[in-house]
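Coordinate inspection notes
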Amino acid sequence: MGSNSIDVEQELTPFSGVERTMVLVGRTGNGKSATGNSILGTKAFKSTRSSAGVTSTCKLERTVKSDGQIINVIDTPGLFDSAVESEFISKEIAKCVDLAKDGIHAVLVVLSVRNRFTKEEEAAILSLQTLFSSKITDYMIVVFTGGDELEENEETLEDYLGPCPEPLKNILNLCRNRRVLFDNKTIDKTKKAEQFRELLSLVNMVIAQNGGQPYTYEWFTELKKLRSSHQKEVESLKGKSNKEISELKEDMKRSYDDQLKRISDTVELRLRETTTRLEQQLAEEQAARLKVEANAQIADQKSKDEIRKLEKKVDGKWCAIL
């Protein structure tokens with residue numbers, strides 16, 4: 001299905017039975033929820049063709065495959081949409097960190113062969129490095145949706161990527177060309193199984209290349225320590241009155257919510273800094289482009305003026321001769 005020459009059985013064997021957590025990110029309309037359903041093998045996420053987007057908040061769904069392996073998939077709202085406020089994004093990222101708990105085994109960047117990949121979308125993907133450190137790219141895999149459309153046009157993913165625009169080429173290079181094509185509309189069980197196995201082999205490759213460890217960041221560690229501390233406190237509740245138990249649980253919830261709020265605030269601050277920097281960069285690029293266009297217009301006008309002068313001289317000479 002893709003061009004990655006991977007020995008699927010070799011990749012799957014070392015990690016059979018291991019729990020894997022995948023996070024879907026991308027622009028609204030690229031097919032994140034449908035891809036999540038394809039991975040899980042069930043219609044766990046609501047998915048319709050809508051420009052407004054269906055997923056309104058981060059959501060985790062899980063499945064246990066026939067061989068016992070556990071797959072966690074976290075679907076996210078359109079965090080790459082330009083119209084989405086930074087406050088909303090920061091809260092959802094904090095929620096995603098909470099849902100992932102022990103870390104992320106793969107970040108699935110969902111793109112669609114039906115939609116043009118923009119420089120703004122590239123910038124949004126790159127901003128993940130600002131939020132989670134450059135290490136996050138070691139866990140990224142690009143999932144292209146719309147395999148049915150390519151098949152109808154008798155095209156392969158390689159054909160589609162032939163005239164690859166520079167922004168998309170940059171993202172593929174960032175992901176070390178880890179990419180897979182998904183047809184989320186197919187009812188062919190063999191095709192469904194094959195595209196899942198190809199994706200999972202890439203996930204296992206990512207895990208292997210990262211020393212068998214999922215991606216974690218300081219926020220994951222902080223929340224994990226807090227959960228562990230709360231668990232010990234819960235275990236010490238034996239013999240306590242209902243009122244004491246209730247008060248302690250309320251305190252634990254408050255402290256956990258406060259920690260999530262701190263994470264959200266940190267993310268929002270970084271997002272605002274990234275947005276400001278991006279807007280400045282885009283403004284500088286636009287100014288440079290306008291300057292080039294203005295210089296070109298001036299040169300064109302100058303050339304036209306020179307031509308008119310030459311034409312007048314020629315006309316004058318002809319008049320004198322006649």
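Here, every reference points to the structure presented above.
All figures in this text were calculated on a predicted structure; none of them were measured in a lab.

Definitions and limits used
- Residues numbered from 1 in each chain as written.
- Predicted model: local features only at pLDDT ≥ 70, side-chain atom pairs only at ≥ 80, totals over all residues.
- Heavy atoms only, no water.
- Helix = DSSP H or I, 4+ residues; strand = E, 2+ residues; numbered from the N terminus.
- Buried < 20%, exposed > 50% of the residue type's maximum accessible area, 1.4 Å probe, protein only.
- Contact = heavy atoms within 4.5 Å.
- Areas by Shrake-Rupley, 256 points an atom, 1.4 Å probe, with all protein chains shown as cover.
- Pairing = 2+ DSSP bridges.
- Axes fitted to C-alpha atoms, helices over the stretch in contact; angles between N-to-C directions.
- 1 Å grid on protein atoms, 1.4 Å probe; cavity = no way out; pocket = protein on both sides within 12 Å on 5 of 7 lines; lining within 4 Å.
- Points joined across faces, edges and corners; volume = space filled by probe spheres on them.
- Nonpolar A, V, L, I, M, F, W, Y, C, P; charged D, E, K, R; others polar.
- Parallel < 35°, antiparallel > 145°, perpendicular 65-115°, else oblique.
- Left-handed = near helix turned anticlockwise from the far one by under 90°.

**Structural notes on the overall build of the protein chain**
On a plain count of helices and strands, the protein chain comes out with ten helices and six strands. Each of the 322 residues in the protein chain was classed as buried or not, and the buried ones make up 42%. Partitioning the intrachain contacts of the protein chain with sequence separation of at least 6 by distance along the chain shows that 76% fall at a separation of at least 24. Carbon and sulfur atoms make up 51% of the accessible area of the protein chain, which amounts to about 18,200 Å² in all.

**Section: the pairing of strand β2 (residues 59-64)**
Strand direction decides the pairing type here: β2 and strand β3 (residues 70-75), joined by six bridges, are antiparallel. Residue pairing in the sheet places Glu61 in a bridge with Val73 of β3. Taking the residues between adjacent antiparallel strands as the criterion, β2 and β3 are bridged by five residues, where Gly68 takes a positive phi near 95°.

**A look at the sheet that holds strand β6 (residues 179-182)**
If you trace the six strands from one edge of the open sheet to the other, you get β2-β3-β1-β4-β5-β6, paired in mixed fashion. At either end of the open sheet lies a strand with only one pairing partner, and these are β2 and β6. Going across the sheet, the axis of each strand differs from the next one's by a mean of 25°, ignoring polarity. Pairing between strand β4 (residues 106-112) and strand β5 (residues 140-145): six bridges, direction parallel. Bridging from a neighbouring strand, Val109 pairs with Val142 of β5. Sheet strands in contact with helix α3 (residues 86-100) are β1 (20-25), β2 and β3, and its direction is about 170° off that of β3.

**Topic: the layout of surface pockets**
Remark: the empty space left among the atoms is shown by a probe the size of a water molecule rolled over them. Space inside the second largest pocket adds up to approximately 810 Å³. Every residue lining the second largest pocket is counted, 37 residues in all, and those nearest its centre are Leu79, Ile89, Ala124, Ser127 and Leu271. Across the lining of the second largest pocket, the residue classes tally to 22 nonpolar, eight polar and seven charged.

**Focus on the packing of helix α4 (residues 119-132) against helix α7 (residues 166-174)**
In the contact formed by α4 and α7, the axes pass within 9 Å of each other and the chain directions differ by 25°. In terms of axis orientation, α4 runs roughly parallel to α7. For the pair α4 and α7, the sense of crossing is left-handed. Counting all contacts with α4, which are made through Lys119, Glu122, Ile125, Leu126 and Gln129, the residues of α7 involved are Pro167, Asn170, Ile171 and Leu174. Its residues assigned to classes, the contact of α4 with α7 shows five nonpolar, two polar and two charged.

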